[in-house]
Amino acid sequence: MKKRFTLVLSIALLASAAASAFTVGKLSYDIVDPINRLVQIADPGDNAYTNVTSSDLTATVTYNSKTYKVIGVGAGAFAQATLSGDLTLPEGILYIDNQAFSKASGGGLVIPASVTDISSTAFYASQLKSFNVASGNKYFSHLTTTQSDQAYTFLCNKAQNVIVAAPGLVEK
């Protein structure tokens, strides 16, 4: 009886681990709260996302007949991604995790009012072209300036401390 219980428990644990990540359309997701059905956009592993557009991002995603709310951009999710134009994160995203857009390139990023936390390394070595933060965001903003016919956008916290510049400014 004890062996049978251990086997059933092991199978249940394996099944729950397998169900903690899934792919829908172009994007992978990690389940961060299975009870409340909350997910984050996940790192796709060895294959960086390419040609991702705003239409690929939704506030909810359905998998195995269950609808999950997308609440974050996970660590490394868009690392080395090539964006097609500006990428608009859906309202409801709460955070952008470590190196989420590390070495990403292509377009710009539109950050919704719902974002309350951005990791200090979220944009490590990013080559995004611009940032635009929704005017209703209480935690972040963007500033734009032009120098030598080149426009720069700075993603800032509300104290106006720069988090990152776009296009990326690289020291040589």
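If you're wondering where the values come from, they're calculated on a predicted model, not measured in any experiment.

Q: Hey, could you run me through the sheet that holds strand β14 (residues 150–157) in this one?
A: In a beta sheet, neighbouring strands pair by backbone hydrogen bonds and run either parallel or antiparallel. Pairing in this open sheet of 3 strands is antiparallel, and the strands run β13-β14-β15 from one edge to the other. Each edge of the open sheet carries a strand with a single partner, namely β13 (140–147) and β15 (162–166). Pairs of neighbouring strands in the sheet enclose a mean axial angle of 20°, with direction left out of account. Across 4 bridges, β14 lies against β15 in antiparallel orientation. Of the residues in β15, the one forming a bridge with T153 is A166.

Q: Would you mind showing me how to read the environment of S114 here?
A: Considering the arrangement of structural elements, one finds S114 in the loop between β10 (109–111) and β11 (117–118). You can call S114 buried: its relative accessible area is 13%. Between the C-alpha atoms of S114 and I93, which are 21 residues apart in sequence, the distance is 5.9 Å. Discounting chain neighbours no more than four positions away, the residues touching S114 are P90, E91, G92, I93 and L94.

Q: Before we go on, may I ask you to explain the sheet that holds strand β12 (residues 131–133) in this structure?
A: Strands sit in the order β8-β10-β12 across an open sheet of 3 strands; the sheet is parallel. With one partner strand each, in any of the chains shown, β8 (87–88) and β12 form the two edges of the open sheet.

Q: Quick question: what am I supposed to make of the environment of Q40 here?
A: Structurally, the position occupied by Q40 is in strand β3 (residues 38–41). Q40 sits in the buried class, given a relative accessible area of 13%. Taking the C-alpha atoms as reference, Q40 lies 9.5 Å from Y68; in sequence the two are 28 residues apart. Ignoring sequence-local partners within four residues, the contact set of Q40 consists of S28, Y29, D30, V32, G72, G74 and Y95.

Q: I tried to follow the nonpolar core on my own but got confused; where do I start?
A: Soluble globular proteins tend to pack their nonpolar side chains together in the buried interior. Ranked by internal contacts, the top residues of the largest apolar core, which has 37 residues, are V73, F78, I96, F101 and F123. Secondary structure elements with two or more residues in this core: β2 (27–33), β3, β6 (66–73), β10, β12 and β15. When residues no more than four places from it in sequence are discounted, the contact partners of I96 are V73, L89, F101, I111, D117, I118, S119, A122 and F123.

Q: Just to check I follow, could you spell out the pairing of β14 for this structure?
A: Along a regular strand, successive side chains alternate from one face of the sheet to the other. Pairing of β13 with β14, which is carried by 8 bridges, proceeds in the antiparallel orientation. Its bridge partner being in β14, Q147 is matched across the sheet by Q150. Hairpin connection of β13 to β14: 2 residues between the antiparallel strands, including S148 at a positive phi of 50°. Remark: 4 residues form the turn of the hairpin made by β14 and β15, two consecutive strands paired antiparallel; Q160 in that turn has positive phi of roughly 70°.

Q: Even after reading the chapter, I still don't get unusual backbone geometry, so can you show me in this structure?
A: Backbone geometry follows two general trends: most residues other than glycine have a negative phi, and most peptide bonds adopt the trans configuration. The backbone of N64 sits at a positive phi, close to 50°, despite the residue not being glycine. With a phi angle near 65°, S65 is a residue other than glycine that sits in the positive phi range. Inspection of the secondary structure assignment puts S65 in the loop between β5 (60–63) and β6.

Q: Hey, could you run me through the packing of aromatic side chains in this one?
A: For any pair of aromatic rings, the description consists of the separation of the ring centres together with the inter-plane angle of the planes. Using the criterion set out here, one finds 7 aromatic pairs in the structure. Judged by centre distance (5.1 Å) and plane angle (10°), the ring pair of F78 and F101 falls under stacked. Separated by 23 residues along the polypeptide, F78 in the loop between β6 and β7 (82–83) and F101 in the loop between β9 (95–96) and β10 bring together distant segments of the chain. You can call F78 buried: its relative accessible area is 0%. Three or more aromatic residues joined by ring pairs make a cluster, and in this case those are Y49, F78, F101, F123 and F131.

Conventions and cut-offs
- Residues numbered from 1 in each chain as written.
- Predicted model: local features only at pLDDT ≥ 70, side-chain atom pairs only at ≥ 80, totals over all residues.
- Heavy atoms only, no water.
- Pairing = 2+ DSSP bridges.
- Helix = DSSP H or I, 4+ residues; strand = E, 2+ residues; numbered from the N terminus.
- Axes fitted to C-alpha atoms, helices over the stretch in contact; angles between N-to-C directions.
- Buried < 20%, exposed > 50% of the residue type's maximum accessible area, 1.4 Å probe, protein only.
- Contact = heavy atoms within 4.5 Å.
- Core = buried A, V, L, I, M, F, W, Y, C linked by side-chain atoms within 4.5 Å.
- Phe/Tyr/Trp six-rings, centres within 6.5 Å; stacked < 30°, edge-to-face > 60°.

All quantities given are derived from atomic positions and should not be read as evidence of function.
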